[in-house]
Amino acid sequence: MDLSSKIQNVKFENLFLNASGIHCQTKEELDDLMNNSYSGGMVTKSATSNHRFGNPLPRYHSLPSGSINSMGLPNEGFDFYLDYVTRTEQKKPIILSVAGMSKEEDLELLHQIQDSDYQGLTELNLSCPNVIGKPQMAYDFQGSDIMLNEIFKFFKKPLGIKLPPYFDLVHFDKIASILNQYPLSHVNTINSIGNGMWVDIESEKVVLKPKGGFGGIGGAMALPTALANVRALRQRLNSSIDIIGTGGVTTGRDAFAHILCGANMVSIGTQVYEEGLGAFERITSELKEIMNSKGYHSLDDFRGKLKTIED
């Protein structure tokens, strides 16, 4: 059974990736991912120019059907990740994720990638909802257009964009019309659903310290929103722009649904955080069982072929 997929001309032997931020910050964690045979590729922690501790603790909390977090982009700094992706023997493709604290920082990081020896996929995170005082650029449609225009004047390597969830059909239309103007390798949809809250009724407190308890929602609760974003963007984006479906994947059924909605690859966040890297093996096995029961031999047999209910 063929679970391979591609982003642009980069082939992945398996469709599964870690979501950026999950088991990908330190060298040890990255090496673990590199040596895991059940993930087809890996995504680095979104890098800022300098090392960041991130938001104060506690900043992650497990929920009955997912998680809430306000991590605040903890990472080892851009130089660490660029060094890793250029010097490490790559047993699988790596996506280098960057997330500057300003437009100017984003542009500077991409200039450094353009001038480096790195030839792999890069992903610009325009959608982190948990950095105090930093808005999500991808909700500023005009600003995103201006920024992408500036980027592609100098950036000639494969570049994708990490997107936040959108909730209105008009917003899908607007962002797709912008993205379709540029030679993007892919979009990664969705980041966590921003600024949710969970209340511990025993202590009568919020469960996170940063931002007064507001945080991004992930895990199973995010699946319907993630599937809608994958589907809506696949219907609107140029066929040359591939899609990484992220959000709510806890089982092979969830991964199957992402592919059915049009995802080329699937990344897993909360479930890997909670279960460990063994989640990749389990979910791969479950996906194969579903495909076998339906007589599918490759992802292309059902990718993007979601049916609607006709009158």
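Quantities reported herein were computed from a predicted structural model and do not represent experimental measurements.

### Considering the sheet that holds strand 8 (residues 121-125)
Here comes step 1: Pairing within the open sheet is parallel, and its 8 strands lie in the order 3-16-15-10-9-8-7-4. Each having just a single partner strand, strand 3 (16-18) and strand 4 (42-43) make up the two edges of the open sheet.
Here comes step 2: Direction of pairing for strand 3 relative to strand 16 (residues 265-268): parallel, over a ladder of 3 bridges. Counterpart to phenylalanine 16 in the pairing with strand 16 is valine 266.
Here comes step 3: Where helix 7 (residues 252-261) meets the sheet, its contacts fall on strand 3, strand 15 (242-246) and strand 16, and the angle it forms with strand 16 comes to roughly 140°.

### Here's the deal with unusual backbone geometry
Here comes step 1: The step from leucine 57 to proline 58 runs through a cis peptide bond, and the omega angle for that step is -5°.
Here comes step 2: Backbone torsion omega between threonine 189 and isoleucine 190 reads 15°, so that peptide bond is classified as cis.
Here comes step 3: Take isoleucine 190: it is sitting in the loop between strand 10 (186-189) and strand 11 (193-196).
Here comes step 4: Phi is positive for glutamine 8, close to 55°, though the residue is something other than glycine.
Here comes step 5: When you line up the elements, glutamine 8 lands in the loop between strand 1 (5-7) and strand 2 (10-12).
Here comes step 6: A positive phi angle is found at histidine 23, which is not glycine, with a value near 55°.
Here comes step 7: With respect to the helices and strands, histidine 23 occurs in the loop between strand 3 and helix 1 (27-34).
Here comes step 8: Histidine 23 gets classed as partly exposed once you look at its relative accessible area, which sits at 27%.

### Describing helix 2 (residues 78-87)
Here comes step 1: Within helix 2 the residues assigned to the buried category are Phe78, Tyr81, Leu82, Tyr84 and Val85. Projected down its long axis, helix 2 shows its buried positions confined to an angular sector of 160°, all on one face. Among the exposed residues of helix 2, those pointing more than 90 degrees away from its buried face are Asp79 and Arg87.
Here comes step 2: Where helix 2 is buried, its residues touch helix 1, strand 4, strand 7 (94-98) and helix 3 (103-114).

### Some remarks on the UniProt feature "domain: Dihydroorotate dehydrogenase catalytic" (unreviewed entry) in the protein chain
Here comes step 1: Summarizing the sequence annotation, UniProt attributes the feature "domain: Dihydroorotate dehydrogenase catalytic" (unreviewed entry) to residues 3-291 in the numbering used throughout.
Here comes step 2: Taken end to end, residues 3-291 comprises 33% helix and 20% strand; its first and last C-alpha atoms sit 10 Å apart.

### What about helix 6 (residues 223-236)?
Every α-helix winds through 3.6 residues per turn, so residues three or four apart in the chain are directed the same way.
Here comes step 1: Spanning 14 residues, helix 6 covers 20 Å between terminal C-alpha atoms, matching the ideal 20 Å at 1.5 Å per step.
Here comes step 2: The buried fraction of helix 6 amounts to 10 of the 14 residues, a majority that puts the element mostly inside the structure.
Here comes step 3: Those residues of helix 6 that sit buried are Leu223, Thr225, Ala226, Leu227, Asn229, Val230, Arg231, Ala232, Leu233 and Arg234.
Here comes step 4: Its buried side turned inward, helix 6 meets strand 9 (159-163), helix 5 (169-179), strand 10, strand 11, strand 15 and helix 7.

### Quick notes on the sheet that holds strand 6 (residues 66-69)
Sheet strands pair via backbone hydrogen bonds, and the direction of the pair is either parallel or antiparallel.
Here comes step 1: Strand order in this open sheet of 4 strands is 5-6-14-11, and the pairing throughout is antiparallel. This sheet does not close on itself; its edge strands, each paired only once, are strand 5 (60-63) and strand 11. Looking at each pair of strands side by side, their axes are set apart by 30° on average, direction ignored.
Here comes step 2: As paired elements, strand 6 and strand 14 (residues 215-218) share 3 bridges and run antiparallel to each other. From the neighbouring strand, isoleucine 68 faces strand 14, where its bridge partner is isoleucine 217.

### Structural notes on the packing of aromatic side chains
Here comes step 1: Using the criterion set out here, one finds 10 aromatic pairs in the structure.
Here comes step 2: Here tyrosine 139 and tyrosine 166 contribute two aromatic rings whose centre-to-centre distance is 5.7 Å and whose plane-to-plane angle is 85°, an arrangement assigned as edge-to-face. You can see tyrosine 139 sitting in the loop between strand 8 and helix 4 (141-151) and its partner tyrosine 166 sitting in the loop between strand 9 and helix 5, a full 27 residues away along the chain.
Here comes step 3: The exposure class assigned to tyrosine 139 is partly exposed, which follows from its relative accessible area of 37%.
Here comes step 4: With a centroid separation of 5.2 Å and 20° between ring planes, the pair formed by tyrosine 296 and phenylalanine 302 is classed as stacked.
Here comes step 5: Take tyrosine 296: its relative accessible area is 25%, and that puts it in the partly exposed class.
Here comes step 6: Put simply, the rings of Tyr139, Phe141, Tyr166 and Phe172 pair up and form one aromatic cluster.
Here comes step 7: Just above the ring of phenylalanine 53 sits the side chain of arginine 59; from NZ or CZ to the centre is 4.7 Å.

Analysis parameters
- Residues numbered from 1 in each chain as written.
- Predicted model: local features only at pLDDT ≥ 70, side-chain atom pairs only at ≥ 80, totals over all residues.
- Heavy atoms only, no water.
- Pairing = 2+ DSSP bridges.
- Helix = DSSP H or I, 4+ residues; strand = E, 2+ residues; numbered from the N terminus.
- Contact = heavy atoms within 4.5 Å.
- Axes fitted to C-alpha atoms, helices over the stretch in contact; angles between N-to-C directions.
- Buried < 20%, exposed > 50% of the residue type's maximum accessible area, 1.4 Å probe, protein only.
- Arc of directions from axis to C-beta.
- UniProt positions renumbered as here; feature names shortened; annotations may be inferred.
- Expected span 1.5 Å × (residues − 1).
- Phe/Tyr/Trp six-rings, centres within 6.5 Å; stacked < 30°, edge-to-face > 60°.
- Lys NZ or Arg CZ within 6 Å of the ring centre and 35° of its normal.

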